[in-house]
Amino acid sequence: MEENKKVSFRQKNPTICPVCSNEFYREEMLTGGGRLIAGALTDELRRRYEESKKFGIIRPLIYQVTVCPICFYAAYPKDFQELLPEERNTLIEKTSSRKGAMNKYFNRIDFNEDRTLTHGAASFMLAVDSYGCRLKNVAPTFKNAVSSIRAAWLFNDLAEEQGDDTYAKISLFFYKKAYDYYVKVVELIQTGGEPTDAAGNMGPDTDKNWGYDGILYITAVLTLKIGAREKDINKRIENFERCKRYLSRLFGIGKTSKSKPGELLDKTRDLYDKINEKLELWSQQTNQNPEG
């Protein structure tokens, strides 16, 4: 690739994997120069980027997770080096399962290569697996929530790009994981079960940290997308009523709020209406069939 068309570079100083001691050079995305052309914001708060004539399609997400090319331990940069002994031991024990997953879904993926969409999707899959071995000091549930929804996005991109139904199924799997994690995150914020200051940028995308408002909004989005699949209609209603309370209380449905971005308020009102529609439909169904 010509120098003036590069989209990434390798760090000058090596990164040493704390799990297997492998030395590698992390790839970073270059910024500026018209590389990123921001497009629309989706209902899931994902920022779309338009294709640049000079640089092509650039996906900032694919560079977010540091991955060891040898043992496939993965984490966000600020968490990568600092492992407690028990975390390291667990990650060592699970090395073969990480390698097996990479071989199964990606046919010997090489993280020494420049990153592609495939590397990005794989990196978040590995992040979810690795944070499952971490203790609460790094807020692993928070990290797994945002990693799961990012994995869902990128696997969906892969499914569309390659026409592979397997990737579509993996995307749905990670949407379900994200739903479970975000519900837990809301509980953890209320109970203080994990340090929120260690959560970092909860995005959910890289262009903006929507913070606590975004967490509640995404929880509601995923409830509509995944929670509606709950077989028990009463459980479904309970989940949707909970999300309705979140949206009503925090975003002030029917009111104006100068402290909230208008774009998010508009999306919240639309989501609130969709949740209400589902609740009305299920309420009618339960009234017609009280025994469920």
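Structure's up top.
In this report, the structure presented in the accompanying data block is examined. (Residues numbered from 1 in each chain as written. Predicted model: local features only at pLDDT ≥ 70, side-chain atom pairs only at ≥ 80, totals over all residues. Heavy atoms only, no water.)

A word on the overall build of the protein chain
Worth spelling out the cut-off: Secondary structure counts use DSSP, requiring at least four H or I residues in a row for a helix and at least two E residues in a row for a strand, with both numbered from the N terminus. Categorising residues by exposure relies on relative accessible area from a 1.4 Å probe, with only protein chains included: less than 20% of the type maximum marks a residue as buried, more than 50% marks it as exposed, and the intermediate range marks it as partly exposed. Any two residues whose heavy atoms approach within 4.5 Å at even a single point are treated as in contact.
A count of helical and extended segments in the protein chain gives nine helices and eight strands. Principal-axis analysis of the C-alpha atoms places the extent of the protein chain at approximately 65 × 45 × 40 Å. For the protein chain, the proportion of its 292 residues judged to be buried stands at 50%. Across the protein chain, every contact between residues at least 6 apart in sequence was considered, and the portion connecting residues at least 24 apart equals 67%.

A short note on the packing of aromatic side chains
So the rule is basically this: Two rings from Phe, Tyr or Trp (for Trp, the six-membered ring) form a pair when their centres sit within 6.5 Å of each other. Planes less than 30 degrees apart are called stacked, planes more than 60 degrees apart edge-to-face, and all others tilted. Ring-over charges, as used throughout, are those where CZ of Arg or NZ of Lys falls within 6 Å of the ring centre and within 35 degrees of the ring normal.
Applying the stated rule across the entire model yields ten aromatic pairs. With centroids separated by 6.0 Å and ring planes inclined at 35 degrees, the aromatic side chains of Phe 106 and Phe 155 adopt a geometry described as tilted. Of the two residues, Phe 106 is situated in helix α3 (residues 95-106) and Phe 155 in helix α5 (residues 140-162); the sequence distance between them amounts to 49 residues. Cluster of aromatic residues (ring-pair linked, three or more members): Phe 106, Phe 155, Tyr 167, Phe 173 and Phe 174. Here the guanidinium or amino end of Lys 208 rests over the ring plane of Trp 210, the centre of that ring lying 4.8 Å away. Across the ring face of Tyr 175, the terminal group of Lys 225 is positioned such that the distance to the ring centre comes to 4.5 Å.

Section: empty space enclosed by the protein
The condition is simple: As defined here, a cavity is a set of points on a 1 Å grid over the protein atoms alone where a 1.4 Å probe fits but cannot get out. A pocket is an open set with protein on both sides within 12 Å along at least five of seven lines, and residues line them when an atom is within 4 Å of a point. Grid points are joined across faces, edges and corners, and a volume is the space filled by probe spheres set on the points. Gly is put with the polar residues, along with every residue not named as nonpolar or charged; the nonpolar set is Ala, Val, Leu, Ile, Met, Phe, Trp, Tyr, Cys and Pro, and the charged set is Asp, Glu, Lys and Arg.
As enumerated under the stated definition, the model contains one cavity of 30 Å³ or more in all. Of the volumes computed, that of the largest cavity is approximately 70 Å³. Along the walls of the largest cavity sit Arg 10, Phe 24, Tyr 25, Arg 26, Glu 27, Thr 66, Val 67, Pro 69, Phe 111, Glu 113 and Arg 115, which together make up its complete lining. For the lining of the largest cavity, a count of residues per class yields five nonpolar, one polar and five charged.

Comments concerning unusual backbone geometry
For the bond running from Gly 203 to Pro 204, omega is 20 degrees, close enough to zero to count as cis. Positive phi, normally seen in glycine, also occurs at Leu 45, with a value near 60 degrees. As for its placement among the helices and strands, Leu 45 is situated in the loop between β5 (37-41) and β6 (47-50). With a relative accessible area of 0%, Leu 45 lands in the buried category.

Description of the layout of surface pockets
Its boundaries defined by the atoms lining it, the second largest pocket holds a volume of some 260 Å³. In terms of lining, the second largest pocket is formed by 16 residues, of which the most central are Arg 46, Arg 48, Ile 57, Arg 59 and Asp 157. Elements with a contribution of two residues or more to the lining of the second largest pocket: β6 and α5. Residues that form the lining of the second largest pocket fall into these classes: seven nonpolar, no polar and nine charged.

Topic: the pairing of β5
What counts, and what does not: One requirement defines pairing of two strands: DSSP has to find at least two bridges between them.
As paired strands, β5 and β6 are joined by three bridges and run antiparallel to one another. Bridging from a neighbouring strand, Leu 41 pairs with Arg 47 of β6. The loop that links β5 with its antiparallel partner β6 comprises five residues; one of these, Leu 45, has a positive phi angle of about 60 degrees.

Looking at the packing of helix α2 (residues 85-93) against α3
As a reminder, the rule being used: Working convention: axes come from line fits to C-alpha atoms, limited for helices to the stretch in contact. Angles between N-to-C directions cover 0 to 180 degrees. Note on angle classes: values under 35 degrees are labelled roughly parallel, values over 145 roughly antiparallel, values of 65 to 115 roughly perpendicular, and the remainder oblique.
For the pair α2 and α3, the least separation of the axes is 4 Å and the interaxial angle reads 45 degrees. With respect to α3, the element α2 is oriented oblique. When α2 is examined against α3, the residues Leu 91, Ile 92 and Glu 93 are found in contact with a partner set consisting of Thr 95, Ser 96 and Arg 98. Taken together, the residues of the contact of α2 with α3 sort by class into two nonpolar, two polar and two charged.

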